Amino acid sequence: MHDFNLIVTSSRFREEEACDEMLDLLGSFGDSSAEAEITEIRGIILAKTALDPLSVVERLKKLAADEPWDIRYIMRVVPIEKVVPAELEDIQGAASDLAARIGPEDSFRVTVEKRHSALHSMEIIEYVAEAVKRKVNLTDPDWVVLVEIVGKDAGVSVVRKDMIFSSVVEKRGS
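The sections below set out a description of the structure shown in this document. Computed from a predicted structure; not experimentally measured.

The rules we used
- Residues numbered from 1 in each chain as written.
- Predicted model: local features only at pLDDT ≥ 70, side-chain atom pairs only at ≥ 80, totals over all residues.
- Heavy atoms only, no water.
- Helix = DSSP H or I, 4+ residues; strand = E, 2+ residues; numbered from the N terminus.
- Expected span 1.5 Å × (residues − 1).
- Buried < 20%, exposed > 50% of the residue type's maximum accessible area, 1.4 Å probe, protein only.
- Arc of directions from axis to C-beta.
- Pairing = 2+ DSSP bridges.
- Lys, Arg positive; Asp, Glu negative; His and termini not counted.
- Salt bridge = Lys/Arg side-chain N within 4 Å of Asp/Glu carboxyl O.
- Polar contact = N/O pair within 3.5 Å; in protein donor to acceptor, adjacent residues only side chain to side chain.
- Contact = heavy atoms within 4.5 Å.

Regarding helix H1 (residues 15-28)
Right, on to step 1. Spanning 14 residues, H1 covers 20 Å between terminal C-alpha atoms, matching the ideal 20 Å at 1.5 Å per step.
Right, on to step 2. All of the buried residues along H1 are Glu15, Ala18, Cys19, Glu21, Met22, Leu25 and Leu26. Buried residues along H1 cover an arc of 165 degrees about the axis, so they all sit on one side. Pointing more than 90 degrees away from the buried face of H1 are the exposed residues Glu16, Asp24 and Ser28.
Right, on to step 3. Among the residues trailing H1, Gly30 stands out with phi positive, at a value near 115 degrees.

Looking at the sheet that holds strand S9 (residues 153-159)
Right, on to step 1. Spatial strand order, S5-S9-S8-S6-S7: five strands in an open sheet with mixed pairing. Looking at strand neighbours, the two that pair on one side only are strand S5 (82-85) and strand S7 (135-136), the edges of this open sheet.
Right, on to step 2. Bridging between strand S6 (residues 107-115) and S7 involves two bridges; their strand directions are parallel. Bridge pairing links Phe108 to Val136 in S7.

Points about the side chain of Asp31
Right, on to step 1. Tracing the backbone shows Asp31 in the loop between H1 and strand S2 (35-38).
Right, on to step 2. Here Asp31 occupies a buried position and makes no salt bridge, while the nearest side chain of opposite charge, Lys48, is found at 8.5 Å.
Right, on to step 3. At a separation of 2.7 Å, a polar atom in the side chain of Asp31 contacts the main-chain amide nitrogen of Ala50.
Right, on to step 4. If we skip the residues at most four places from it in the chain, Asp31 touches Leu26, Thr49, Ala50 and Leu51.

Focus on the pattern of salt bridges
Right, on to step 1. All told, the structure shown has nine salt bridges when counted by the stated rule.
Right, on to step 2. Residue Glu17 is joined to Arg14 by a salt bridge in which the shortest nitrogen-to-oxygen separation is 3.0 Å.
Right, on to step 3. What makes Arg14 partly exposed here is its relative accessible area of 39%.
Right, on to step 4. Asp97 is paired through a salt bridge with Lys82; the nearest N and O atoms lie 2.8 Å apart.

Regarding the environment of Glu16
Right, on to step 1. As for its placement among the helices and strands, Glu16 is situated in helix H1.
Right, on to step 2. When the C-alpha positions of Glu16 and Glu126 are compared, they lie 36 Å apart, and in sequence the two are 110 residues distant.

Section: helix H3 (residues 88-98)
Right, on to step 1. Three or more residues of H3 are buried, namely Leu88, Ile91, Gln92, Ala94, Ala95 and Leu98. Angularly, the buried residues of H3 cover 165 degrees about the axis, an arc narrow enough to put them on a single face.
Right, on to step 2. The inward-facing, buried residues of H3 abut S5, helix H4 (121-131), strand S8 (143-150) and S9.

Topic: unusual backbone geometry
Right, on to step 1. In this structure, Phe13 takes a positive phi of about 70 degrees despite not being glycine.
Right, on to step 2. Turning to its location among the elements, Phe13 is positioned in the loop between strand S1 (6-10) and H1.
Right, on to step 3. We classify Phe13 as exposed; its relative accessible area is 56%.
Right, on to step 4. Phi angles above zero are rare outside glycine, and His116 is one such case at about 55 degrees.
Right, on to step 5. You can see His116 is positioned in the loop between S6 and H4.

Following this line, the structure appears as structure tokens:
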């Protein structure tokens, strides 16, 4: 799947249950035609929904607060705004386009999670940071430029740090 807009993580060997759970949840949120695919990378599922991926994260957070038992196998859900080939220039272009929403006074950091890729994290960070002309704050940024590499594809998003779903964090807050 090369047009995913969610990356879902699960425990190793629980991918099938997490995949089914994600599809069921997306169906209950109103997208009965969502797709999900278990990757060759343990614990990683790619999903495609017609819903806004950021709103899916918000709905999952609300569900975890109200009915935490409904989320048993999903560990994290990362919204993806653009998928590009996992090449430095393509990643930089996508990050530059999405970073336009970062205000002139806002700070950012680049976070890279790579799986099955020979690219070096620091090289990706330097390329992306070069395209985002804002101040960097590594400890408490206003925005995170997120680069998720899964094999030959790179998912890129510009999010606030609370725009990623973690079942552990959300259930701890319940």
